[in-house]
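# Survey of secondary and tertiary structure
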Amino acid sequence: MSGHTGSEAGTDRGPLTESGTDRGPLTGLRVLDLATLFAGPLAATMLGDFGAEVVKVEHPAKPDPSRGHGPSKDGIGLWWKLLGRNKRTITLDLSRPGGRATLLRLAATADVIIENFRPGTLEKWDLGWAELSAANPRLVLARVTAFGQFGPYAHRPGFGTLAEAMSGFAAITGEPDSPPTLPPFGLADSIAGLATAYAVMAALHARDASHRGQVVDMAIIEPILTVLGPQPLWYDQLGYVQPRTGNRSANNAPRNTYRTADGSWVAVSTSAQSIAERLMRLVGRPELIEEPWFATGADRARHTDVLDEAVGSWIARHRRAEVLDAFEKAEAAVAPIQDVRDVMEDPQYAALDAITTVADPELGPLRMQNVLFRLSATPGAIRWTGRPHGADTDAVLTELGLSEAEITTLRSEGAL
């Protein structure tokens, strides 16, 4: 999967500054990130975290809107610092002749392009698959859209929220008598971003054998449908439609959130029969284990009220620390309901370095999520945080072979 030598990655899962000299497993891979909000850019971030050289291409006057999403500090968007990490940033107006020509030159040096324009947009600019693959037959083009490249909805505008609604996620989320619930974060986009990174790696592996690239058609409505589990199969074979059950489960019980004596909340799961039995002994209700319906998760779920009362009343008499300690000693499954303040101080996350500190030239030390997983021999690293709009334009184009005069001309034409 080797391509063109890019920036170097780190030796461990922790962050490195831009001067880091170690190499990740995707070093030598070059990715052009043409996408915005959020699935496509997240896929590029995942590749960059493990050493790929990612060049973020933004419109000169209309940067990726994620730069302005959510809270900012000193006028600098914080979400971008995460989403834009390990990316060099350039500006290019693809609708202008100079921008088109420059992108084709960049494409000839790249292994992957990730884009999320509405279907037909690149073709309108004469930058479709025919032109891009002619410039580089080994190129992988990942096209990330709400509904995919064909079908009756393909040309509709769409965002992750629509995928959360259409996929069945919202229909099963929330309390039984409450409205369907949408997530308060980009769930469908994030799942699609992870799926896109996986799809790109599959396409690159195929290229090793065929020596030719291909198109990845990623519809955001599909990955979330996959992670929702066997619902289509259930409906196809049984006509079963999963209802909203709140925090409860139709597959096991007790499974819920419970309030402790000091006003905190904990989550309990009993997916394994042995865990359910340990829990009943812990809360002083061992006689329930002898009930005929206690023998399977599905049967326990039909007696949720009884089990919730047994567990909930015990937890309500104890402080959170006491609950967690007792569950650990009993080898029963429990977790505190944590907000971000708790996450930042959680000892398990700290041991994993899941929230790590990165130096940022604009804002100083920043704490953010670390790279997604640990590799023992070729780990990833955060080499730098999201950079200012167009910060690397001149450097990248100079490396591409453009002269100072050509860059000046492109800028005067509005292509940069």
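Placed above this text is the structure.
Attention here is on the structure that accompanies the text. For every chain, the first residue of the written sequence is number 1, and numbering continues from 1 onward in sequence order. For a predicted model such as this one, the threshold for reporting local features is a pLDDT of at least 70, and the threshold for listing and counting side-chain atom pairs is 80 or more; totals across whole chains, interfaces and linings nevertheless cover every residue. Values reported for side chains reflect all heavy atoms of the structure, with hydrogen atoms and water molecules removed beforehand.

## Notes on the overall build of the protein chain
Heads up, the condition is: Segments assigned H or I by DSSP are reported as helices when at least four residues long, segments assigned E as strands when at least two residues long, and all are numbered from the N terminus. Exposure categories follow from relative accessible area, calculated using a 1.4 Å probe and restricted to protein chains: below 20% of the type maximum is buried, above 50% is exposed, and the middle band is partly exposed. The contact criterion used is simple: two residues touch if any of their non-hydrogen atoms lie within 4.5 Å. Surface accessibility follows the Shrake-Rupley procedure with a 1.4 Å probe radius. Residue values consider only the protein chains on display as shielding. Under the convention used here, Asp and Glu are negative, Lys and Arg are positive, and both His and the chain ends fall outside the count. Charged groups are reduced to one reference atom each: NZ for lysine, CZ for arginine, CG for aspartic acid, CD for glutamic acid.
Looking only at helices and strands, the protein chain has 17 helices and 13 strands in total. Considering only C-alpha atoms, the protein chain reaches an extent of 85 × 50 × 40 Å along its principal axes. Across the 416 residues of the protein chain, 46% fall into the buried class. Long-range pairs, those at least 24 residues apart, make up 69% of the contacts in the protein chain between residues at least 6 apart in sequence. Roughly 20000 Å² of accessible area belongs to the protein chain as shown, and the carbon and sulfur atoms make up 55% of that amount. Within the protein chain, one finds 40 positive and 50 negative side-chain charges whose respective centroids are separated by 2 Å.

## Quick word on the packing of aromatic side chains
Convention followed: Between the rings of Phe, Tyr and Trp (Trp by its six-membered ring), a pair exists once the centres lie within 6.5 Å; its type follows the angle of the planes, with under 30 degrees stacked, over 60 edge-to-face, and the other angles tilted. Geometrically, a charge over a ring is one whose NZ (Lys) or CZ (Arg) sits within 6 Å of the ring centre while staying within 35 degrees of the ring normal.
Counting across every chain of the model gives 7 aromatic pairs. With a centroid separation of 4.5 Å and 15° between ring planes, the pair formed by F50 and F373 is classed as stacked. Of the two residues, F50 sits in the loop between α1 (39-49) and β2 (53-58) while F373 sits in the loop between β13 (364-369) and α16 (393-400), which places them 323 residues apart along the sequence. With relative accessibility at 5%, the residue F50 sits in the buried group. A centroid spacing of 5.2 Å and a plane angle of 80° characterise the contact between F117 and W125, whose relative ring orientation is edge-to-face. Residue class for F117 comes out partly exposed when judged on its relative accessible area of 22%. When the ring centre of F294 is taken as reference, the NZ or CZ atom of R300 above it lies at 5.5 Å. Over the face of the ring belonging to W384 we find R387, whose NZ or CZ atom lies 6.0 Å from the ring centre.

## What about the sheet that holds strand β5 (residues 87-91)?
This is how the line gets drawn: Pairs of strands are assigned from DSSP output, requiring at least two bridges between the strands. Orientation is described by lines fitted to C-alpha atoms, with helices fitted over the stretch in contact, and by angles between N-to-C directions that extend from 0 to 180 degrees.
Read across the open sheet, the 6 strands follow the order β5-β2-β1-β6-β7-β8; overall the sheet is parallel. Both outer strands of the open sheet, β5 and β8 (215-219), are each paired with one neighbouring strand and no more. Going across the sheet, the axis of each strand differs from the next one's by a mean of 20°, ignoring polarity. Where strand β7 (residues 140-145) meets β8, 5 bridges bridge the pair, whose relative direction is parallel. Across the sheet, residue V144 finds its bridge partner in β8, namely M218. Where helix α7 (residues 187-210) meets the sheet, it contacts β6 (112-115), β7 and β8, and its direction lies at approximately 160° from that of β8. Here α16 sits on the sheet and contacts β1 (30-33), β2 and β5; the angle it forms with β5, its principal contact strand, is near 90°.

## Here's the deal with the packing of helix α10 (residues 273-282) against helix α13 (residues 320-330)
To be explicit about the condition: Oblique is the label for any angle not under 35 degrees, not over 145, and not in the 65 to 115 range, which are roughly parallel, roughly antiparallel and roughly perpendicular in turn. Take the far helix as your reference; a near helix turned counterclockwise from it by less than a right angle gives a left-handed crossing, and one turned clockwise gives a right-handed crossing. For this scheme, ten residues count as nonpolar: Ala, Val, Leu, Ile, Met, Phe, Trp, Tyr, Cys and Pro. Four count as charged, namely Asp, Glu, Lys and Arg, and the remainder, Gly too, count as polar.
Contact geometry for α10 and α13: axes closest at 10 Å, N-to-C directions at 125°. In terms of orientation, α10 lies oblique with respect to α13. Handedness of the crossing formed by α10 with α13: right-handed. Of the residues in α13, those touching α10 at R278, L279 and L282 are A326, F327 and A330. Of the residues contributing to the contact of α10 with α13, the split by class is 5 nonpolar, no polar and 1 charged.

## A short note on the pairing of strand β9 (residues 256-259)
Remark: a regular strand shows side chains that alternate across the two faces of the sheet. Side chains of β9 alternate between two faces, with N256 and Y258 buried and T257 and R259 left unburied. In terms of strand pairing, β9 meets strand β10 (residues 265-268) through 4 bridges, oriented antiparallel. For N256, the partnering residue across the bridge sits in β10 and is V268.

## Overview of the pairing of strand β12 (residues 355-360)
In the sheet, β12 pairs with β13 via 6 bridges, with the strands oriented antiparallel. Bridged to V358 within β13 is L366. The antiparallel pairing of β12 with β13 creates a hairpin that spans 3 residues between the two strands.

## Points about the environment of M166
Residue position: M166 is located in helix α6 (residues 160-166). In this structure, the C-alpha to C-alpha distance between M166 and I221, residues 55 residues apart in sequence, is 7.2 Å. Once residues lying within four places of it in the same chain are set aside, the contact partners of M166 are F147, Y153 and I221.

## Side note on unusual backbone geometry
Outside of glycine, negative phi angles account for most residues, and trans bonds account for most peptide bonds. Along the chain, L37 connects to F38 via a cis peptide bond; the corresponding omega equals -15°. Checked against the element boundaries, F38 lands in the loop between β1 and α1. Between A253 and the following residue, P254, the backbone shows a cis peptide bond with an omega angle of 0°. Of note, P254 is situated in the loop between α9 (231-238) and β9. Phi angles above zero are rare outside glycine, and L37 is one such case at about 35°. Relative to the elements of secondary structure, L37 occurs in the loop between β1 and α1. The backbone of H211 shows a phi angle near 65°, a positive value even though the residue is not glycine. Along the chain, H211 falls in the loop between α7 and β8.

Note that every value here comes from positions in space, so none of it alone points to a role or purpose.
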